[in-house]
Amino acid sequence: MMNAKVQDKPVYSIVARTVPSRSLKGDARSAVSVAKSQGTDAILVGEVIAATATDNRRTTSEYVCTQRKEPNKLFSSCVSGYNKTVYCTDRKASMQVQVQLLDGKSGNPVYNEAITKSLDATACGDEVLKDSRAMLGTVAGAITEAVISKLVPHDKLVDIPLLPADEQLQAKERFASGLKFAQAGRMDRACDIFRDIYDQEKNSPALNYNLGICEESSGAFWRASEYYAIADRLSHEPNKVLALALERNARNIKNSSALAENRRDLKLQSRIESGAAPQTVTQSIGKTTSPQSASPIVKVDPESLMLDRRVALVIGNAKYKKGGALLNPVNDARAMTKELRSAHFRVISVEDADLQKMNQAIDEFSRSIKKDGVALVFYAGHGMQVKGENYLIPVDAEFKEESEISYKAINVGYILSKFENAQSRVNIVMLDACRDNPLARSWRSGKGGGLASIDAPAGTLIAYATAPGKTAADGSGANGLYTSHLLQQLRVKNLKIEDILKNTRKAVAAASKQEQIPWDSSSLTGDFYFRASE
C-alpha cells in the first residue's frame, strides 16, 4: 500500500467576498480585523485584470446540392451542385482574475492565483454568433467554479492510501509512475497520469479509486463520489480502504453541500469593472436560495426519495459536423448535471459526443442503475424521427441512406430497454431534442420536423421539449427555452415530477406565445419528488 501526500481540505462555513481596498493592507492583522468585523471565517479577494472578446473573420466553402437523383425520397444522392463561399467569424472571450483567499483566524493567505479562462464560438453564413457579453458571463462562471473549489485551507498535508495496480490494469508502468509521483507529494502529476490512461483502463477498481482521491483532494467531492462508486461496483470483494474513502467523502459532501448550493452568491457581477466598489456577501451553511418559493410542506416518505439510488445520464451535443451546430446543448447539459448532482444524483455526463462516446456513456449508465432506484436520462441536441422511431443524433453523424440511421444514431427505444433490464422503479427521459434540424430538412419532402410521440413503458415518464412533430427553440440565452424553465422548476421543493413538468409547460408556452408546448407521456404508478423539505 502506498500513501499520497494531499492537502487537507476542511470547508469554510462563512466566506466574505470583497475587492482590494485600503482596509486590507496586505498584513495578517488587517485581514483578521476585517474578518472579525464581518463575522466570517475567510475573506475572498478578487480583481478582474483583463476581460476581452476578439473576433477573427475567415472564409470557408460549403457544397450546395441543386439536384438530387430521387428528390421525392427521404434519402437521395446528390447529382449536381456547386461550392459556395461562406464567411465565418471566430470569437474568443477571455478573462483573467487575480484571486486571494485569506484565513479569517490567522490572516494568512491560503490561496493566491491569477485564474485565466476562455471560451470560443464560431458562426458561419446565417448562423448567429454568440453575444460577447454572454460569453464573458460564461467565462466568469467558469472562473467562479475554479474559485469555489479553492475555498479551503491548503496548509496541512495528510497521508491518504492509494491502491496498487490490479489485474484489470494493462498500463501498469504508467500507473506505477503515477503512484511514485503521488508518494512524493506531486498529486498534480500523478492525477494527470491517471487521467491520461483512464479511457482504456476505466474498468480498473484501483484506477477509479485513485482518481477519486484526485478529485477529493481538489475539493471536487461529488466527482470523487462517482469514481469511488465505480470502484466499489467493480470490486469483487470488500475493500476497507475504499469503504473508508466512501465514508470520508460522504462527510465532505455533507459539510460542503450548503456552500455549493449558494455558490451563486460568490459570482462576479454582470458589470465587470476592475477596482469596483467592495461588495461583501456573508453566507451561512444551511441557508439556501431558490428562484421560486417552495410549495407548501408535504409529508414525503424518505424511502420514496431513493436518495442513495439515483443515477442520471446527461448528454449535450452542439458541435455537429454536418447539419448545423447548436448554441445551447452543452450549456444545458452542464447546468442539468450541476442541478442533478445537487439533488443527490450520480451523474454520467458527456458533451459533443460521437456515436462511440454516446454508446460508452449509455453502457456505463446502464451498469450504474440500481434495482428499485431512479434512472434519469437528459439529452439536448439534434433529434429526429424515422418511421415513428425517435433517434438521438451524434455529432459525427452523416447519413446517405435511410437504413444507416439505425446504426449511426441512438434509438430512444434502446435506452428505454436499459430501464427494463435494470429493474429500476422510476425512469425519467427528458428530451430537448426537437430542435429544427437542417440536416433532417434536406432529407424530407414536405414533412415536419420534431420527434414522434411514443408511449412510455411501465414505470417510465418521457418528457419532450415540445409537442410531437413540432420543433423547439434553441434559445437566445445561456440555455435552451425548455431547459431554462425546467431547471427553475427542479429547484423547487415538494413538487411531484408531474407538477414540475406542468409548471414548465406553462412557462414555456407563455414565453413562446403558445408556439412551443412541452409534452410528456407517463406510466409512473407512484409519486416522485426531486427535492423535499427536511
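Just above, that's the structure.
Residues numbered from 1 in each chain as written. Predicted model: local features only at pLDDT ≥ 70, side-chain atom pairs only at ≥ 80, totals over all residues. Heavy atoms only, no water.

Considerations on the state of the cysteines
We apply this condition: Criterion for a disulfide: a pair of cysteine sulfur atoms within 2.5 Å. Per the convention used, a helix needs a DSSP run of H or I reaching at least four residues, while a strand needs a run of E reaching at least two, with both numbered from the N terminus. Burial classification: accessible surface area is computed with a 1.4 Å probe over protein chains only, and a residue below 20% of its type maximum counts as buried, one above 50% as exposed, and the rest as partly exposed.
Taken as a whole and assessed by the stated rule, the structure comprises two disulfides. A disulfide bridge connects Cys88 with Cys124, and the sulfur atoms are separated by 2.0 Å. Classification of the bridge connecting Cys88 and Cys124 rests on its S-S torsion, roughly 115 degrees, and on that basis the disulfide is right-handed. With Cys88 in strand 4 (residues 78-103) and Cys124 in strand 5 (residues 109-124), the pair connects residues that are 36 residues apart, well separated along the chain. The partner cysteine of Cys191 in its disulfide is Cys214, sulfur to sulfur 2.1 Å. The sign of the S-S torsion, about -100 degrees, decides the handedness of the disulfide formed by Cys191 and Cys214: left-handed. Linking Cys191 in helix 4 (residues 187-196) with Cys214 in helix 6 (residues 205-217), this pair joins segments that are 23 residues apart in sequence. Per residue, the accessibility class of Cys191 equals that of Cys214, and both read buried.

As for the sheet that holds strand 10 (residues 383-386)
So the rule is basically this: For two strands to be treated as a pair, DSSP must find no fewer than two bridges joining them.
Taken in spatial order, the three strands of this open sheet run 10-11-12, and their pairing is antiparallel. Edge strands, defined here as strands with exactly one partner in the open sheet, are strand 10 and strand 12 (410-411). Pairing of strand 11 (residues 389-392) with strand 12 involves two bridges; the strand directions are antiparallel. Looking at the pairing, Tyr391 lines up with Asn411 of strand 12.

Things to note about the pattern of salt bridges
What counts, and what does not: Salt bridge, as applied in this entry: a Lys or Arg side-chain nitrogen positioned within 4 Å of an Asp or Glu carboxyl oxygen.
One pass over the full model with this rule turns up 12 salt bridges. Here Arg91 and Asp55 are joined by a salt bridge, their closest N and O atoms 2.7 Å apart. Placement of Arg91 in strand 4 and of Asp55 in strand 3 (residues 42-68) is noted, with a sequence separation of 36 residues between them. With relative accessibility at 34%, the residue Asp55 sits in the partly exposed group. Taking the shortest distance from any N to any O, the salt bridge between Arg531 and Glu339 comes out at 2.6 Å. Of the two residues, Arg531 is situated in the segment after strand 15 (519-522) and Glu339 in helix 10 (residues 329-342); the sequence distance between them amounts to 192 residues. No difference in accessibility class separates Arg531 from Glu339, as the two residues are buried.

Remarks on the environment of Ala397
The cut-off we apply is this: Any two residues whose heavy atoms approach within 4.5 Å at even a single point are treated as in contact.
You can see Ala397 is positioned in the loop between strand 11 and helix 12 (405-408). Ala397 sits in the buried class, given a relative accessible area of 4%. Expressed as a C-alpha distance, the spacing of Ala397 and Ala409, which sit 12 residues apart in the sequence, is 7.1 Å. With sequence-adjacent residues up to four places away left out, Ala397 is seen in contact with Lys322 and Lys408.

Examining the side chain of Asn317
Counted only if it meets this: Two N or O atoms count as a polar contact when they lie within 3.5 Å, although within protein this holds only if one can serve as hydrogen donor and the other as acceptor, and sequence-adjacent residues are included solely when both atoms are side-chain atoms.
Position of Asn317 among the secondary structure elements: in the loop between strand 7 (310-316) and helix 10. With relative accessibility at 0%, the residue Asn317 sits in the buried group. At 3.5 Å, the side chain of Asn317 and the backbone nitrogen of Asp352 are in polar contact. Not counting residues within four places of it along the chain, the set of residues in contact with Asn317 comprises Leu326, Pro329, Glu351, Asp352, Ala353, Met358, Tyr379, Ala380, Gly381, Ile393, Pro394 and Val395.

Quick notes on the nonpolar core
Note on soluble globular proteins: their nonpolar side chains tend to be buried together. Which entries qualify depends on this criterion: Buried Ala, Val, Leu, Ile, Met, Phe, Trp, Tyr and Cys residues that are joined via side-chain atoms within 4.5 Å together make up what is termed a nonpolar core.
Counting 39 residues, the largest nonpolar core has Leu313, Phe365, Tyr379, Leu392, Ile393, Phe419 and Leu431 as its most contacted members. In this view, Tyr379 contacts Ile315, Asn317, Tyr320, Met358, Leu392, Ile393, Met430, Leu431, Asp432 and Ala433; residues no more than four positions away in its chain are not counted. Val314, Leu490, Ile497 and Leu501 belong to the second largest nonpolar core, which has 33 residues in total.

Describing the pairing of strand 9 (residues 374-380)
Successive residues of a regular strand alternate their side chains across the two faces of the sheet. Where burial is concerned, most of strand 9 is hidden: seven out of the seven residues are buried. Here strand 9 shows no split at all, with Val374, Leu376, Phe378 and Ala380 on one side and Ala375, Val377 and Tyr379 on the other all buried. The pairing of strand 7 with strand 9 spans seven bridges and is parallel. What sits directly across from Gly316, in strand 9, is Ala380. In this structure, strand 9 lies alongside strand 13 (residues 426-432), joined through seven bridges in parallel fashion. Each bridged residue has a counterpart across the sheet, and for Tyr379 the counterpart in strand 13 is Leu431.

Geometry only, nothing functional implied.
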